[in-house]
Amino acid sequence: MSDTAKQPVAYVRDTMLEQKPAPLSQIGAVRWIKENLFSGWFNSILTLVSIFVVYKILAGTLPWMLGGVWSAGSLSECRDILNAKFGNTHYACWAVLTERWNQLLYGFYPSTEYWRANLAFFLMLLAIAPILFDALPRKLLWISAAFPFLMVWLVWGGTIWGPVGVAVGFVIGALAMKALVRFGDVLALIGAVVAAIVWWMFIGPSVVDALDASLPIGHLKEVESRELGGFMICVIIGIAGIALSLPIGVVLALGRQSDLLIVKVICVGFIEFIRGVPLITLLFTASLILNYFLPPNTNFDLTIRVIIMVTMFSSAYMAEVIRGGLAALPKGQYEAADALGLDYWKAQRLIIMPQALKISIPGIVNTFIGLFKDTTLVMFIGIFDMLGLSNAIRANSAWNGVYWELFIFIGLVFWASCFAMSQYSQWLERKLRTDHH
């Protein structure tokens, strides 16, 4: 046996190796670029072509945007400034936004009353916050409940007692339902509706007039609906349609699956009729035809009519989205609710509907985004939203010829609003995810 064989050979290291950083090709931006942009010859070619296209677009648009003029009184003045500065007029005239931004946001709303619109918008954010984020204090829901009445008072003005009277009707309806619930849910619901209508139609108006005469407080300058416009009218119609179409859509979806023939026929007929008619047709109906079916000398506000039609349109699509969520639930969930001895409404409220709504989140938010963008269609019935006001601004001789600057601003406003809704829906999906993938 040799001397080498007699010596012990260590196969296990008795000291730790010094830690070294990971290769640059396996971490950070380098790895992401390699895996997502240059993972193969075909992807590499697409990446290089895309970079070239983006470069050409930015090379043509960035100088036009960044070299624009922000202070001028008209398009001709804007062009004179550009000629003096660059020797040509191939740059943006952002001065139209500097001069007309208030019109694009508020329409023809009185400038002295902008504080009311701003306060209503702030209260709207405060009202929807506890609904969207359950970590916030639940006491903020009182602001959510009061906001619709405060918004009407702030935006349209008049006496505070009018919105208070309408709110009292809902309180009376809730109390009537609570008192009659022992006789059955259906009877309680009918009693609540009847009690609220009796208050609104017969008792409330006289009470409101008496309070307004004895306590003339909270009176704001009245603003007519024709003075509303711009982004403000889009927000009012969009938020009202979103808030109303979801619960109505839930009721329609449940009614479509009902075993009661008359309920099912009514819900199916409503959904199929509304989905088969373009929204612009419904808006023209709200603007023109509806007046022929109203009693003489009836003053039915155009904005309210539009909100009703937009809500009906969105509710039909919302019902189908929620019906898809209900159909996606396993049959075992319904059987589990029956095994627990829950009645129909408790089963829907505690077991079925929460899961169906979670499944339907992408479709629900998609419907909301479509509804918010569709508010621009009101320009065809004489309501000056942002697009309608852009036409009015360009009709002025001072700004005749301005196009891209207005449309880019309007597009960015709507994109920011819709992108915020999309991001919230993705956050909510991650929050409600119960799997363990």
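All values reported here derive from a predicted model rather than from experimental measurement. (Residues numbered from 1 in each chain as written. Predicted model: local features only at pLDDT ≥ 70, side-chain atom pairs only at ≥ 80, totals over all residues. Heavy atoms only, no water.)

1. Things to note about the pattern of salt bridges
Part 1 of the argument: In this structure the tally under the stated criterion is 10 salt bridges.
Part 2 of the argument: Among the salt bridges present, the one from Glu320 reaches Arg323, with a minimum N-O distance of 2.8 Å. Of this pair, Glu320 and Arg323 both sit in helix H13 (residues 302-328), 3 residues apart, which is roughly one turn of the helix.
Part 3 of the argument: Overall, the relative accessible area of 15% leaves Glu320 in the buried class.
Part 4 of the argument: For Arg323, a relative accessible area of 29% puts it in the partly exposed group.
Part 5 of the argument: One connected set of salt bridges, linked through shared partners, spans Arg256, Glu272, Arg275, Glu320 and Arg323. (Salt bridge = Lys/Arg side-chain N within 4 Å of Asp/Glu carboxyl O. Helix = DSSP H or I, 4+ residues; strand = E, 2+ residues; numbered from the N terminus. Buried < 20%, exposed > 50% of the residue type's maximum accessible area, 1.4 Å probe, protein only.)

2. Examining the nonpolar core
Part 1 of the argument: Formed by 93 residues in total, the largest nonpolar core has its most connected members in Tyr109, Val155, Leu228, Val306, Leu326, Trp399 and Met421.
Part 2 of the argument: Residue contributions to this core peak at 13 residues, all from helix H10 (residues 230-256).
Part 3 of the argument: Those residues in contact with Tyr109, other than ones at most four positions away along the chain, are Tyr114, Arg116, Leu154, Val155, Val223, Glu227, Leu228 and Met232. (Core = buried A, V, L, I, M, F, W, Y, C linked by side-chain atoms within 4.5 Å. Contact = heavy atoms within 4.5 Å.)

3. Digging into the packing of helix H6 (residues 114-132) against helix H7 (residues 141-156)
Part 1 of the argument: Where H6 contacts H7, the axes come no closer than 9 Å and their chain directions differ by 160°. With respect to each other, H6 and H7 are oriented roughly antiparallel. Every pair of crossing elements has a handedness; the one defined by H6 and H7 is left-handed. Across from Arg116, Leu119, Ala120, Leu123, Met124, Leu126, Ala127, Pro130 and Ile131 in H6, the residues of H7 making contact are Leu141, Ile143, Ser144, Phe147, Leu150, Trp153, Leu154, Val155 and Trp156. (Axes fitted to C-alpha atoms, helices over the stretch in contact; angles between N-to-C directions. Parallel < 35°, antiparallel > 145°, perpendicular 65-115°, else oblique. Left-handed = near helix turned anticlockwise from the far one by under 90°.)

4. Description of the state of the cysteines
Part 1 of the argument: Across all of its chains, the model carries 1 disulfide by this definition.
Part 2 of the argument: With its sulfur 2.2 Å from that of its partner, Cys78 forms a disulfide with Cys93. With the S-S dihedral at roughly 120°, the linkage between Cys78 and Cys93 falls on the right-handed side. Of this pair, Cys78 sits in helix H4 (residues 75-86) while Cys93 is found in the loop between H4 and helix H5 (95-106), placing the two residues 15 residues apart along the sequence.
Part 3 of the argument: Looking at Cys78, the relative accessible area reads 1%, which means it is buried.
Part 4 of the argument: For Cys93, a relative accessible area of 3% corresponds to the buried category.
Part 5 of the argument: Unpaired in this structure, Cys234 has its nearest cysteine sulfur neighbour in Cys418, at a distance of 11 Å.
Part 6 of the argument: According to the relative accessible area criterion, Cys234 is buried, its value standing at 0%.
Part 7 of the argument: Cys418 sits in the buried class, given a relative accessible area of 11%. (Disulfide = S-S within 2.5 Å.)

5. Considering the packing of aromatic side chains
Part 1 of the argument: With the rule as written, the count across this model stands at 16 aromatic pairs.
Part 2 of the argument: Here the aromatic rings of Phe170 and Trp200 are separated by 5.0 Å at their centres, their planes lie at 65°, and the arrangement is edge-to-face. In this pair, Phe170 is assigned in helix H8 (residues 161-180) and Trp200 in helix H9 (residues 185-214), connecting sequence segments 30 residues apart.
Part 3 of the argument: Residue Phe170 is classed as partly exposed on the basis of its relative accessible area, which comes to 48%.
Part 4 of the argument: Ring pairing ties together the aromatic residues Trp64, Trp70 and Trp94, which thus form one cluster. (Phe/Tyr/Trp six-rings, centres within 6.5 Å; stacked < 30°, edge-to-face > 60°.)

6. As for the side chain of Ser287
Part 1 of the argument: With respect to the helices, strands and loops of the structure, Ser287 is situated in helix H12 (residues 279-287).
Part 2 of the argument: Residue Ser287 is classed as buried on the basis of its relative accessible area of 14%.
Part 3 of the argument: Among all residues touching Ser287, those that are not within four sequence positions of it are Leu302, Arg305 and Ile381.

7. Points about helix H17 (residues 386-395)
Part 1 of the argument: Turning to H17, its buried residues number three or more, namely Met386, Gly388, Leu389, Ser390, Ile393 and Arg394.
Part 2 of the argument: Elements in contact with the buried residues of H17: H5, H10 and helix H18 (404-432).

8. Remarks on the environment of Asn400
Part 1 of the argument: The residue Asn400 is located in the loop between H17 and H18 in this model.
Part 2 of the argument: The class of Asn400 is exposed, set by a relative accessible area of 53%.
Part 3 of the argument: When the C-alpha positions of Asn400 and Ser74 are compared, they lie 8.9 Å apart, and in sequence the two are 326 residues distant.
Part 4 of the argument: Beyond its immediate chain neighbours, meaning those up to four positions away, Asn400 contacts Leu75 and Arg394.

9. Notes on helix H16 (residues 361-374)
In an α-helix there are 3.6 residues to a turn, and that puts residues three or four apart on one side.
Part 1 of the argument: Its 14 residues place the ends of H16 20 Å apart at the C-alpha level, agreeing with the 20 Å of an ideal helix rising 1.5 Å per residue.
Part 2 of the argument: For H16, the set of buried residues is Ile361, Ile364, Val365, Thr367, Phe368, Ile369, Leu371 and Phe372.
Part 3 of the argument: Buried positions along H16 lie against H10, H13, helix H15 (344-359) and H18. (Expected span 1.5 Å × (residues − 1).)

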